[in-house]
Structures are given as structure tokens and as C-alpha cells.
Amino acid sequence: MRVPAHAWILILSLALHPSAAGAGVDAPEFILQWGSRGAANGQFSGPHGIEIDADGKVYVVDTGNNRIQVFTSDGVFLFQWGSFGAGPGQFNHPHGIGIGPMGNVYVAATGNNRVQKFTSEGIFLTTWGSFGDGDGQFRHNHGLAVDDDGNVFVADRNQNRVQKFTSDGLFVTAWGVPGMGDGEFTGTNGVAVDAEGNVFVGDGSPRIQKFTNDGVFITSWGSAGVGDGQFNFPRGLSVDHMGNLFVADRNLHRMQQFTGTGVFLTRWGTLGTGEGQFNFPYAVRADENGFVFVADSSNHRVQKFRIANQPPLCEAAMPTTAILWPPNHTFASVGIVGVSDPDDDALMITVTGVMQDERIQGAGAGTTSPDAVLQGSDVLLRKERSGRGNGRIYSIDFIAEDSKGGSCMGAISVCVPHDRKKPIGCVDDGPTYNSL
């Protein structure tokens, strides 16, 4: 294949600026890939779109084969629909795809200048759009996204605008004109919507622009170049459950990740055919389970990555009860709160040890033993202290683990005061005795 002169310049530029994780977070980890060039089940011809449904099934817009293919999240082929043509359920060079809250699938049939709506099984429901510059008409509609209310957003590329429709294709509004100013576009490419309904648009200028659900400009970031936060044709966009934006930086053969306000987090990918390399990636989708799927178009495959896990944070941990009173030798259950996870992963907290600063069965400390009993995420602590001391401090060690292997360790303290005189508290003489 003959490579154009401008492509050699691009390749040289990439060689001088290799892929690397940014200062914010680690780059996602390669998990697996599937696909090769062809027309059989599981093969592709330049896939341009990708979407994930609520059950984790992966819908791939097989652009050159004018069809939609559906897979498990691990790349096992399930079914397909579509063929070349202009009839219901047929396509002419489809690009964008989105899935609504009811599971219906929307496809931007770019060569037909229309949007088609299907059930999740590929049964045709309706269509709208034609070639033109009126409301509800398109000139090369590229990206497509659906918000949580079922509104459909279409990047009408050659008209430098975004159009918004109801779930049944009724025109709602449009915004954008040619230009470089706020709310102006130089070709609208990808589009994505976050959980709050904000709309992100990949602008050919190149940059990312962010709008309200009705098209009011909020902010923008990016410029032409190969540095962090720069682009050369930001094509595919996707927002994860944390509100972070992933951008398929097509002509630089890489992915970039940002916060929802445009703060650069990381990037990965170079030109190539190896794991984690790309050849004109057109689309990206982040699912609810911490995975990112990329339609690696000119490599005719899909690649799956795991987003770098952020471990739990134990620094703000505190006991559910900080003061135990009265000292009547009975047990009180104490739990741990305040542990958080940056990725909103489910957490499991386990108490691993308890120490105290008074002797067990020491003089004036009662004759009971043990003074603590572990109960998984909670601990039973005996409401006791020496009548001759300055109060008892229990020091409780714990570990918090998320569902992806991340963990943190921490400690909290609980006081059994000597008396109720104010200020109520204990003097910590050091956790020298094992309470268990």
C-alpha cells in the first residue's frame, strides 16, 4: 500500500513522541482483542462505531460490510444484522451507534444520511433523516449518542452542527455554525453525553467542546499537535461512569483520557498492529465495569482494555462509636465508616487486629478476657477501663479492599473514658497490649 507523504510526516512525528501514561493516572491495561479483515462472522471491514448495552454486549458498526455485529464482552460472536442498501435495516457506510435507556439501538447510516432505530435484537423500528440542510436532515452524519432520557444527539459533520431528537426521531433543536469560536465547528465528528446530560463534541478544529443538553456552550479544550491534550482529528468520544472522557485521537493512533472538565489524565497507543497499538481508531466506549473498548478501524479489530484501578482511601476512616460508656464489662459493636473509593467500587472492610493501652485483666481493669472480638467488618469492644488509670484507648487496624484488587490499610481509635468529667476523653499511653 502506498503511504501518502503527509502520513509519513505523521508517522515520524509519532515516533518522536512515543505513547506514555500521563501524570494523572496509569494508562489502561490491554486485556484482549478480536477480529480480522473479512466478511465472515467476527470479521470486520473498517469498524467505525462501538457501543455497550446494559447487559455488557458489544455492538460493533462493521462499516465496510454495512452491518451491525454483536458480541459478548470477551468477543464471542452472538448475531448480526444489516446489508448494503437503502431499505429498512440496510446501510450505506454506517458510522455512529448509541443505545437508549430502553435498550433500543440507534445507528447513523452515514451514506444514507439518516438514523435508524432497532430493538436490541436488530428488529427494525423506525428511521428518520434525508440529505439536506433542514431540521432533521443530514450531510454526512457521523457520531451518535443517546442520553439517559432517550434523547438522540447526532454529529451532522458537513453542516458543522449537532442535532437533537426525541427517541422517536422528532426534531428538538440544533446548534453550531462553521467557525473557530465557542459553539462553532470545523466538522463535527464524535459526540458523547455524560450522566448529567452534558454533551461533548469532537470538533475538527481540532478540540473538544462541552455543552449543556440544549446546546449552551460550557467549555472547550485542545489544539492541533501531538502533546498531551492536543489532537489530530478527535473522532470517537465516550464518558465513563465517573464522568471521565475518552477520546479516540484517530490520526495520532492513540486514546486520550480527560476529566469531564478537560484536565488531561493519560494517553496510550501508537501506530502499529500489536497489543495496545492502533491504526486509525474510530470509536471508543467505556462500560460500567471499568473496561474500555476501541474500534481499531484499519486493523479491522476490537481491542478491550481495563481502566487502571484507583485503590480505596482509608485516610478519613472513623469509628461508628468513638466513646464507650458506661464501663459495665459488656461488649459494644463498633463499625468503620468514612472509607471511600475513587471509582465507586464496592468495598469490603475487614478488621485485622485490636490493641489497647491497658493491661488485660490488670489491676483495677476487671477480670474479663478477651476485651475484643473480631466480627468481619465490625469488632466487639468491651466497655471497660482501669479505675486507677486515665481511660482506655482501643486501636483498631483494618484493611479495605475493592472489587478490582485495590486496597488500603488504616486504623481508628475508640475511647472508654475514666469518668464523665469534661472534657470527656482518654490519654493514649500507646497500644501495647493485644485485646484479642
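Residues numbered from 1 in each chain as written. Predicted model: local features only at pLDDT ≥ 70, side-chain atom pairs only at ≥ 80, totals over all residues. Heavy atoms only, no water.

Engineer: Looking at this model, I keep getting lost on the overall build of the protein chain. Mind explaining?
Structural biologist: The secondary structure content of the protein chain amounts to one helix and 35 strands. Over its C-alpha atoms the protein chain spans a radius of gyration of 28 Å, topping by over 25% the 22 Å that the globule rule assigns to 436 residues. Across its three principal axes, the protein chain shows a C-alpha extent of roughly 90 × 45 × 45 Å. Across the 436 residues in the protein chain, those meeting the buried criterion constitute 53%. Partitioning the contacts of the protein chain with sequence separation of at least 6, the portion at a separation of at least 24 is 53%. (Helix = DSSP H or I, 4+ residues; strand = E, 2+ residues; numbered from the N terminus. Rg over C-alpha atoms; globule rule 2.2 N^0.38 Å. Buried < 20%, exposed > 50% of the residue type's maximum accessible area, 1.4 Å probe, protein only. Contact = heavy atoms within 4.5 Å.)

Engineer: Teacher, can you tell me more about the sheet that holds strand S16 (residues 188-193) here?
Structural biologist: Strands in a sheet are paired, the pairing made by backbone hydrogen bonds, and the direction either parallel or antiparallel. Read from one edge to the other, the open sheet built from four strands follows the order S16-S17-S18-S19, with strand pairing classed as antiparallel. Strands with a single pairing partner mark the edges of an open sheet, and in this sheet they are S16 and strand S19 (217-221). Each strand axis lies, on average, 20° off the axis of its neighbour in the sheet, ignoring direction. In terms of strand pairing, strand S18 (residues 207-211) meets S19 through four bridges, oriented antiparallel. (Pairing = 2+ DSSP bridges. Axes fitted to C-alpha atoms, helices over the stretch in contact; angles between N-to-C directions.)

Engineer: I keep staring at the side chain of Asp-53 and nothing clicks. Help me out?
Structural biologist: Take Asp-53: it is sitting in the loop between strand S2 (49-52) and strand S3 (58-62). In this structure the side chain of Asp-53 is engaged in a polar contact, spanning 2.9 Å, whose partner is the backbone nitrogen of Gly-56. Among the polar contacts listed, one links the side chain of Asp-53 to the side chain of Tyr-59, at a separation of 3.4 Å. Other than its neighbours up to four places away in sequence, Asp-53 contacts Tyr-59 and Ile-99. (Polar contact = N/O pair within 3.5 Å; in protein donor to acceptor, adjacent residues only side chain to side chain.)

Engineer: Can you walk me through the nonpolar core in this structure?
Structural biologist: Proteins that are soluble and globular tend to have nonpolar side chains buried together. Counting residues in each nonpolar core, the largest one holds 21 residues, and the members touching the most others are Ile-336, Val-339, Val-354, Val-379, Leu-381, Ile-396 and Phe-398. Within the residue set of this core, elements represented by two or more residues are strand S28 (331-334), strand S30 (347-356), strand S32 (378-382), strand S33 (392-402) and strand S34 (407-416). Not counting residues up to four positions away in its chain, the partners in contact with Ile-396 are Val-351, Gly-353, Val-354, Val-379, Leu-381, Gly-410, Ala-411, Ile-412 and Val-414. The next biggest cluster of nonpolar side chains, apart from the first, holds 13 residues, and it includes Val-58, Val-60, Phe-71 and Phe-293. (Core = buried A, V, L, I, M, F, W, Y, C linked by side-chain atoms within 4.5 Å.)

Engineer: Looking at this structure, I do not really get the side chain of Asp-402. What am I missing?
Structural biologist: With respect to the helices and strands, Asp-402 occurs in strand S33. Judged by its relative accessible area of 8%, Asp-402 falls in the buried class. A polar contact is formed between the side chain of Asp-402 and the side chain of Asn-309, at a distance of 2.8 Å. A polar atom in the side chain of Asp-402 sits 3.0 Å from the backbone nitrogen of Gly-405. Once residues lying within four places of it in the same chain are set aside, the contact partners of Asp-402 are Asn-309, Gln-310, Pro-311, Pro-312, Asp-341, Asp-345, Ala-346 and Leu-347.

Engineer: How should I be thinking about the state of the cysteines in this particular structure?
Structural biologist: The bond known as a disulfide is covalent and runs between the sulfur atoms of two cysteines. Applying the stated criterion to the full structure yields two disulfides. The disulfide bridge from Cys-314 ends at Cys-408, spanning 1.9 Å between sulfur atoms. Sign of the S-S torsion, about 75° for the bond between Cys-314 and Cys-408, identifies this disulfide as right-handed. Highlighted residues: Cys-314 in the loop between strand S26 (301-306) and strand S27 (318-319) and Cys-408 in strand S34, separated in sequence by 94 residues. Neither Cys-314 nor Cys-408 differs from the other in exposure class; each is buried. With a sulfur-sulfur separation of 1.9 Å, Cys-415 is cross-linked through a disulfide to Cys-426. Across the S-S bond linking Cys-415 and Cys-426, the dihedral sits near 80°, which makes this disulfide right-handed. On the criterion of sequence distance, the pair formed by Cys-415 in strand S34 and Cys-426 in the loop between S34 and strand S35 (433-434) is long-range, its members being eleven residues apart. Regarding the disulfides, the protein chain carries the connectivity 1-2, 3-4 under sequence-order numbering of its bonded cysteines. (Disulfide = S-S within 2.5 Å.)

Engineer: Could you clarify how one ought to interpret the sheet that holds strand S31 (residues 372-375) in this entry?
Structural biologist: Ordered by their spatial adjacency, three strands build an open sheet running S28-S32-S31, and the pairing between neighbours is antiparallel. For this open sheet the edge positions go to S28 and S31, each flanked by a neighbour on one side alone. If you compare each strand with its neighbour and ignore which way they point, the axes differ by 20° on average. By the bridge criterion, four bridges tie S31 to S32 in an arrangement that is antiparallel. Looking across to S32, one finds that Val-373 is bridged to Leu-380.

Engineer: How should I be thinking about the pattern of salt bridges in this particular structure?
Structural biologist: Pairs can form between side chains of opposite charge once their charged atoms are near each other. Across all of its chains, the model carries 16 salt bridges by this definition. Lys-57 serves as the salt-bridge partner of Asp-53, at 2.9 Å between the closest nitrogen and oxygen. A salt bridge links Asp-55 to Lys-57; the nearest nitrogen and oxygen atoms lie 3.7 Å apart. We classify Asp-55 as exposed; its relative accessible area is 66%. (Salt bridge = Lys/Arg side-chain N within 4 Å of Asp/Glu carboxyl O.)

Engineer: How do you make sense of the confidence of the model for the protein chain when you look at a structure like this?
Structural biologist: Any region with low pLDDT has predicted coordinates that should not be read closely. With 93% of its residues at a pLDDT of at least 70, the protein chain reaches an overall mean of 91. Considering only residues more than four positions removed or in separate chains, one finds that residues 1-23, a stretch of pLDDT under 50, has 26 contacts. (pLDDT = per-residue confidence, 0-100.)

Engineer: When you look at unusual backbone geometry in this model, what are you seeing that I'm missing?
Structural biologist: Glycine aside, the phi torsion of most residues is negative, and most peptide linkages are trans. The linkage connecting Trp-325 with the following residue, Pro-326, adopts the cis geometry, with an omega of 0°. Tracing the backbone shows Pro-326 in the loop between S27 and S28. For the bond from Lys-422 to Pro-423, the omega torsion is 0°, close enough to zero to count as cis. Phi is positive for His-93, close to 60°, though the residue is something other than glycine. Relative to the helices and strands, His-93 is located in the loop between strand S5 (77-81) and strand S6 (97-99). Note on His-93: relative accessible area 35%, which makes it partly exposed. Of note in this structure, His-329 is not a glycine but carries a positive phi near 75°. Structurally, His-329 is set in the loop between S27 and S28.

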